[in-house]
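What the coordinates show
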Amino acid sequence: MSASGIRPGRRGRSVVTGIGVVAPTGIGAARHWESVLAGKSGIGRITRFDPTGYPVRVAGEVPGFRAGEQVPGRLVPQTDRFTHFALAAAEDALTDAAADPATLPEYEMAVVTASSSGGTEFGQHEMENLYQQGSSWVGAYQSIAWFYAATTGQVSIRHGMRGPCGVICGEQAGGLDALGQSRRLLDTGSRLVLSGGTDASLCPYGVVAQLSTGHLSAEDDPARAYLPFDAAASGFVPGEGGAILVVENAESARARGVPSYGELLGYAAGFDPTTDGTAARHTVLVSVIRRTLADAGLTPDAVDMVFADASGVPAEDLAEARAIAEVFGPGGVPVTAPKTLTGRLYAGGAALDVATALLALSAGVIPHTAGLGRPAPGCEIDLVLDRPRQTDPRTALVLARGHGGFTSALLVGAGDRDALKR
Amino acid sequence: MAEFTLDDLRRILRAGAGVDEQTDLDGEHFADTAFADLGYDSLALLELVNRVEREYGIGIPDGDLAHTQSPREVLAYVHAKLREARV
């Protein structure tokens with residue numbers, strides 16, 4: 001028995017049977033996937049608050065989300081928007097997986113989500129109450145709405161999932177780490193895990209808190225604001241939303257008679273606290289990719305497409321391109337970043353990338369990176385531009401890096417669900 | 001001095017803690033239904049107390065309503081507090 005509680009040599013297969021999406025590209029996996037194939041961007045001028053006077057005025061907002069219709073009534077005033085998103089996405093994912101939690105053993109179901117900002121907007125509102133009206137005006141629900149585990153807790157309560165639940169805070173990499181943790185839980189007695197992540201920090205407090213990184217784009221034109229791997233890259237656009245996935249062990253999914261979008265084949269994480277200069281970032285990412293492949297028992301030639309982290313910060317893009325080129329050879333694997341349509345969604349970003357990768361595998365398509373112009377010099381990667389490639393990929397490697405040094409990779413393989421194939 | 005009715009209680013619960021779709025606050029047995037059965041926990045009662053205090057200008061000591069079972073009990077308690085405030 002290792003420290004993780006997993007007996008050496010024992011690893012079951014972990015498959016994804018349900019996908020729930022709430023993203024700037026649309027609500028629901030089908031609408032999101034249509035937007036990805038069409039290259040339809042969800043980035044625009046911020047409408048959730050008046051961004052005039054702020055250095056960042058463009059973001060990816062979820063269109064048409066109505067909490068009153070998509071979230072249980074009691075939970076609307078009691079929880080933050082990032083939890084609203086996750087509650088709606090979890091419901092969709094369970095329906096998609098044809099999984100009824102009431103019929104499954106409660107201690108064998110778990111919830112593990114990623115969080116980056118917590119309930120920022122809720123917290124801002126209560127802070128306004130505090131300094132404008134006084135302490136007795138601060139709502140009781142501030143105590144449970146703001147914190148990182150709020151989403152996991154509410155989803156767990158809502159669906160009666162009483163197995164080992166938790167939250168992972170790894171900034172933009174957290175979505176992959178949550179899925180890595182789900183796989184561990186499936187190897188230690190859980191049979192179904194709701195996992196992924198959401199973020200909703202498009203309020204003044206949330207955006208201002210991100211400004212100190214210096215990585216957000218100050219560009220006003222939504223079509224020019226987030227251009228990773230491009231000669232005109234100027235940082236990234238923040239976005240809201242994310243994805244929740246139903247992850248099950250393969251035997252459990254088979255016993256329920258449901259198909260899967262794909263399998264979690266390999267996962268690894270690393271940490272690089274040095275954010276200045278590209279050398280270390282590149283080295284850590286190379287190591288993480290190689291360990292992910294080793295974890296899956298596969299070699300680089302088995303990878304059919306890479307979903308890039310796509311920072312949009314030129315030095316970070318260069319480091320990622322160098323890492324990919326070092327493992328796969330220059331131009332050795334198709335690389336894509338559909339997140340140019342959404343902006344970077346923090347805890348929701350990598351989770352949405354995994355959802356997109358699984359939809360791509362089930363459709364047999366490599367989605368393109370919409371909106372780019374001229375590739376940045378030095379990025380020796382085969383970036384999929386202009387239109388999707390119909391190459392029937394069987395595996396996808398998803399990369400994610402979070403501010404401060406979080407670095408993770410997840411390899412997914414195609415399943416037997418091909419409902420989206422055209 | 002403001003009155004405090006069951007309708008006020010419903011309004012404050014709706015605003016502070018929300019209502020689940022399967023719960024009917026307008027049902028005839030509302031006043032005697034346990035808060036737990038209406039979907040409200042101790043945090044919901046805390047929020048209710050804060051809002052009643054602010055709106056009606058009365059002080060409700062910590063814990064006084066922590067174990068209140070039903071809307072009718074809250075109504076009786078707040079009525080007593082409002083009478084106290086008048087004298």
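Rules used throughout
Residues numbered from 1 in each chain as written. Chains lettered and ligands numbered in written order. Predicted model: local features only at pLDDT ≥ 70, side-chain atom pairs only at ≥ 80, totals over all residues. Heavy atoms only, no water. Helix = DSSP H or I, 4+ residues; strand = E, 2+ residues; numbered from the N terminus. Rg over C-alpha atoms; globule rule 2.2 N^0.38 Å. Buried < 20%, exposed > 50% of the residue type's maximum accessible area, 1.4 Å probe, protein only. Contact = heavy atoms within 4.5 Å. Buried area = accessible area lost by both parts, 1.4 Å probe. Salt bridge = Lys/Arg side-chain N within 4 Å of Asp/Glu carboxyl O. Polar contact = N/O pair within 3.5 Å; in protein donor to acceptor, adjacent residues only side chain to side chain. Pairing = 2+ DSSP bridges. Lys, Arg positive; Asp, Glu negative; His and termini not counted. Domains from an automatic or database assignment. Nonpolar A, V, L, I, M, F, W, Y, C, P; charged D, E, K, R; others polar. Expected span 1.5 Å × (residues − 1). Core = buried A, V, L, I, M, F, W, Y, C linked by side-chain atoms within 4.5 Å. UniProt positions renumbered as here; feature names shortened; annotations may be inferred. Disulfide = S-S within 2.5 Å.

Side note on the overall build of chain A
Scanning chain A for helices and strands turns up 13 helices and 14 strands. Computed over its C-alpha atoms, the radius of gyration of chain A comes to 20 Å, within 12% of the 22 Å expected for a compact globule of 422 residues. For the C-alpha atoms alone, the extent of chain A along its principal axes is close to 60 × 50 × 45 Å. In chain A, which comprises 422 residues, the proportion classed as buried is 60%.

Some details on the interface of chain A and chain B
Between chain A and chain B, the contact holds 15 residues from the first and 16 residues from the second. Of the roughly 1100 Å² buried between chain A and chain B, counting both surfaces, carbon and sulfur atoms make up 50%. On the chain A side of the interface with chain B, the three residues burying the most area are Arg-74, Ala-140 and Tyr-141 of chain A, jointly 49% of the side's total. If you look at where chain A meets chain B, you find 1 salt bridge. Notably, a salt bridge pairs Arg-74 of chain A with Asp-20 of chain B, separated by 2.9 Å at the nearest N-O pair. The tally of links between chain A and chain B comes to 8 residue pairs in polar contact (both at pLDDT 80 or more). Looking at the side of chain A that touches chain B, the elements with two or more residues in it are helix H3 (75–78) and helix H6 (142–145) of chain A.

What about the pairing of strand S13 (residues 395–402) of chain A?
Residues and elements named next belong to chain A. Where burial is concerned, most of S13 is hidden: 8 out of the 8 residues are buried. Residue alternation in S13 divides its side chains into two sets, Thr-395, Leu-397, Leu-399 and Arg-401 and Ala-396, Val-398, Ala-400 and Gly-402, and both sets are buried. Looking at chain direction, S13 and strand S14 (residues 406–414) are connected through 8 bridges and run antiparallel. Residue pairing across strands places Val-398 opposite Leu-410, the latter belonging to S14.

Structural notes on the side chain of Glu-61 of chain A
Residues and elements named next belong to chain A. Here Glu-61 lies in the loop between strand S4 (58–60) and helix H2 (67–70). Summary of buried charges: Glu-61 has no salt-bridge partner, and the nearest side chain of opposite charge, Arg-48, is 5.7 Å away. A polar side-chain atom of Glu-61 sits 2.4 Å from a polar atom in the side chain of Thr-47. Aside from chain neighbours lying at most four places away, what touches Glu-61 is Pro-24, Gly-42, Ile-46, Thr-47, Arg-48, Leu-202 and Glu-240.

Describing the domain arrangement of chain A
Residues and elements named next belong to chain A. Each assigned domain of chain A is listed with its residue range as follows: domain 1 (14–256) and domain 2 (265–414). The junction of domain 1 with domain 2 conceals about 4600 Å² of combined surface from both sides, 70% of it contributed by carbon and sulfur atoms. On the domain 1 side of the contact with domain 2, Gln-172, Leu-176 and Phe-229 bury the most area, a combined 21% of that side's loss. Seen at the junction of domain 1 and domain 2, the total is 1 salt bridge. Of the charged contacts, one joins Asp-295 and Arg-183 as a salt bridge, the two residues approaching to 2.8 Å between their closest N and O atoms. For the pair domain 1 and domain 2, the interface holds 17 residue pairs in polar contact (both at pLDDT 80 or more). Elements that contribute at least two residues to the side of domain 1 that touches domain 2 include exactly strand S1 (14–23), helix H1 (29–38), helix H8 (174–186), strand S7 (192–199) and strand S8 (241–249). No other element matches the 7 residues that H8 contributes to the side of domain 1 that touches domain 2. Split into classes, the residues belonging to the side of domain 1 that touches domain 2 amount to 28 nonpolar, 25 polar and 8 charged.

Quick word on helix H3 (residues 71–86) of chain B
Residue and element names in this part refer to chain B. Over its 16 residues, H3 extends 23 Å from the first C-alpha to the last, a length consistent with the 22 Å expected when each residue adds 1.5 Å. Those residues of H3 lying buried are Pro-71, Val-74, Leu-75, Tyr-77, Val-78, Lys-81 and Leu-82. Residues of H3 that are buried in the fold lie against helix H1 (6–17) and helix H2 (42–56).

Looking at the nonpolar core
All names here are of chain A. Formed by 49 residues in total, the largest nonpolar core has its most connected members in Ile-19, Leu-245, Val-354, Leu-358 and Val-412. By residue number, the principal contributor to this core is helix H13 (residues 349–363), which donates 11 residues. When residues are assigned to domains, this core turns out to be shared by domain 1 (14–256) and domain 2 (265–414), each giving three or more. Leaving out residues up to four positions away in the same chain, Val-354 has contacts with Leu-176, Leu-179, Leu-245, Val-398, Leu-410 and Val-412. By size, the runner-up hydrophobic cluster in this structure holds 44 residues, among which are Phe-49, Val-335, Ile-381 and Ala-409.

Quick look at the side chain of Ser-362 of chain A
Its place among the elements puts Ser-362 of chain A in helix H13. At 3.0 Å, the side chain of Ser-362 of chain A and the backbone oxygen of Leu-359 of chain A are in polar contact.

A few points about the UniProt feature "domain: Carrier" (unreviewed entry) in chain B
When the UniProt feature table is mapped to this numbering, "domain: Carrier" (unreviewed entry) covers residues 3–82 of chain B. Taken as a whole, residues 3–82 of chain B contains 49% helix and 0% strand, while its terminal C-alpha atoms sit 8 Å from one another.

Details of the state of the cysteines
Residue and element names in this part refer to chain A. Applying the stated criterion across every chain yields a total of 0 disulfides over all chains. Just so you know, Cys-165 is unpaired, no disulfide at all, and the nearest cysteine sulfur is the one on Cys-169, 15 Å from it. In this structure Cys-165 comes out as partly exposed when scored by relative accessible area, which is 36%. Residue classification places Cys-169 among the partly exposed residues on the basis of a relative accessible area of 38%.

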